[in-house]
Amino acid sequence: MDRVDLKAHISNLVDEPTTTGSTSPMSDKLSPQAPIAQDAQQTTQQNSDNYSVNDIQVAASPLTEVDQIWKIVYEMIKMHNSERTMSLWYRDAYLERIENGVAYLSVSNAIQKDWIQDNNRNLVCNKIESVIGYKPELMINVRKSVKREEGEGRQYEYFDPTQSGNSGDQTNIFSGQAQSVPRDSQSIGQPLQSAPQQPAAQIYNNNLNPKYTLENFVVGSSNQLAHAVAEGVVSNLGASYNPLFYYGPSGVGKTHLMQAIGNHVLAQNPNLKILYVSIETFMNEMIEAIRTRKNEEFRQKYRPVDVLIIDDIQFISTYKKTQEELFNTFNTLYQNNKQIVIASDRPPKEIDNLPDRLRTRFEGGMVVDIQPPDYETRVAMLRQQVEMSGIPIRDEVLSFIAHNIENSVRELEGAINKVITKKRYTGIEPTDEEVAKMLQVDVDSKRKRIKPNMVIDSVCNVFDISVRELKGKRRTAYIALARQTAMYLLREELELPLEKIAHELNRKDHTTVLHACDKVKELMESDSRYKEKVDRCKALLGPK
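What you see is a predicted model, and the numbers here were worked out from it, not measured in a lab.

### Some words on the pattern of salt bridges
For step 1, the next point in the chain: All chains considered together, the criterion is met by 19 salt bridges.
For step 2, the next point in the chain: When the shortest N-O distance is used, the salt bridge between Glu325 and Arg303 registers 2.8 Å. Of the two residues, Glu325 is situated in helix 13 (residues 320-335) and Arg303 in the loop between helix 12 (295-302) and strand 9 (307-311); the sequence distance between them amounts to 22 residues.
For step 3, the next point in the chain: Of the residues examined, Glu325 reaches a relative accessible area of 7% and is grouped as buried.
For step 4, the next point in the chain: Exposure remark for Arg303: the relative accessible area of 23% places this residue in the partly exposed category.
For step 5, the next point in the chain: In this structure, the salt-bridge partner of Glu504 is Lys500, at a minimum N-O distance of 3.1 Å. In this pair, Glu504 and Lys500 are both assigned in helix 23 (residues 498-504), 4 residues apart and thus about one turn of the helix distant.
For step 6, the next point in the chain: Here the residues in one salt-bridge network are Arg394, Glu396, Lys423 and Glu429, joined through shared partners.

See below:
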């Protein structure tokens, strides 16, 4: 029956009584208004010439109307999903019945149900509508695990003797692939062999992004400890650094490291169950479980995992019920030596309204601070992106971006991607001015935001002295030179009045500033090593 005939046939089924004497074992799944298709009856009658009716019943003929609908819908859904998605989430799903405007889809577990509900609900409804002529409501049911009686076949595996010849192959009508089963070991009327079990971790939608790995994480002084701890966790899961608590501002690499841990563990052992969620997802799923009275299903999603990774934990501060559920989940996992990885934008002691029992547990493992990357690390990150793209970009452009984007790795990646894209499609590398325009960077306004204390800090950093020494009365040659350098930069970079510069450095006479500026200029011309120090001070302030 082609799709047009099937659709017309289904439309006529609404007012027809159920055919009496139906022998199909699938008839109990149909609506009271939906009889078995005539061609299904004819097929059964034809097959009975060579095989008993009981044999055909045991093989679970797929030619009932609801099965025909699902067969077409399944193939249509495949056009919108990858093979891996179909294997994970639709492998054993089937349409039970359609009645009173509701299509009942059967799945094997709550995780499968949640994924289809969240990601493909409208798609499934639309495809059913394209077959039956109206859009039904979709009800997804988790079927109970029932031990099959001997002689009962799997629902959607059908043995057609008219097509198999002498080979005795079984065909799964939905996978489109034949499973070779010798007739002497798998005859009609015997239970059909189930497909090989997938690794346990694969039934979980673990939410991990495979692009995040420990190998492509750029290590610098600001994140060196965090990376080392991550490597310690994956080498001794659940024992070293448990729980692991990362904190730092947005965009510094917390999510990368957390997901890299999950990906590394999964690569080492695909049978482990890894789950990465934000605290918002955790909270929303808990609320939904309470609303639908499915608390146990919620707990069964989070508590059997081997590695639980929760992001943005700081948002838990105002939700007491979520705090309680997280506390119980944490205890269950911790007592079973399961790894817990958490991230926040602040340390546990600074999360408002966090109960002491949670705070002490968060602090009971390893708490690691991740700070924004320094200039050298930012340049290294940009170079890595350039190498991965295969599009060469001048170091001056990378330096410009690294100077102007200081706090967020995500912004760095977005900026260099704009430059790479422009060169890829135009063949011309943008100038510094074009890069500034692309990044919407106003260099002049950035300069205006530089404060005198930032200049002083840059000099102290390069000369390795304290601010107190720089502003103090000591006149050793080295400190005096650093002080003169600061005066020069305040004058040249910020164009401050001489009196203001003298005040910033606790000097009384502005003529000292004039003398310092002249001396620095002379030294820069005669001493290349000193000029490098001055340039490093300027670099810390960003490009002019």
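### Some remarks on the environment of Pro372
For step 1, the next point in the chain: In this fold, Pro372 is placed in the loop between strand 11 (366-369) and helix 15 (375-389).
For step 2, the next point in the chain: Taking the relative accessible area as the measure of exposure, Pro372 reaches 24% and is therefore partly exposed.
For step 3, the next point in the chain: Spatially, the C-alpha atoms of Pro372 and Val252 are 5.3 Å apart, while their sequence positions differ by 120 residues.
For step 4, the next point in the chain: Apart from the residues within four sequence positions on either side, Pro372 is in contact with Ser222, Pro249, Val252, Glu406 and Asn407.

### Concerning the sheet that holds strand 1 (residues 94-99)
For step 1, the next point in the chain: The strand order across the open sheet built from 3 strands is 1-2-3, with neighbouring strands paired in mixed fashion. At either end of the open sheet lies a strand with only one pairing partner, and these are strand 1 and strand 3 (137-142). Strand-to-strand twist of the sheet, defined as the mean angle between neighbouring strand axes without regard to direction, takes the value 25°.
For step 2, the next point in the chain: Note that strand 1 and strand 2 (residues 102-107) share 5 bridges and pair antiparallel. Counterpart to Arg97 in the pairing with strand 2 is Tyr104.
For step 3, the next point in the chain: With respect to the sheet, helix 4 (residues 65-78) is in contact with strand 1 and strand 2, its orientation differing from that of strand 1 by roughly 120°.

### Some words on the pairing of strand 8 (residues 274-278)
For step 1, the next point in the chain: A large share of strand 8 lies buried, amounting to 4 of its 5 residues.
For step 2, the next point in the chain: Strand direction decides the pairing type here: strand 8 and strand 9, joined by 5 bridges, are parallel. Residue pairing in the sheet places Val277 in a bridge with Ile310 of strand 9.

What counts, and where the lines are drawn
- Residues numbered from 1 in each chain as written.
- Predicted model: local features only at pLDDT ≥ 70, side-chain atom pairs only at ≥ 80, totals over all residues.
- Heavy atoms only, no water.
- Salt bridge = Lys/Arg side-chain N within 4 Å of Asp/Glu carboxyl O.
- Helix = DSSP H or I, 4+ residues; strand = E, 2+ residues; numbered from the N terminus.
- Buried < 20%, exposed > 50% of the residue type's maximum accessible area, 1.4 Å probe, protein only.
- Contact = heavy atoms within 4.5 Å.
- Pairing = 2+ DSSP bridges.
- Axes fitted to C-alpha atoms, helices over the stretch in contact; angles between N-to-C directions.

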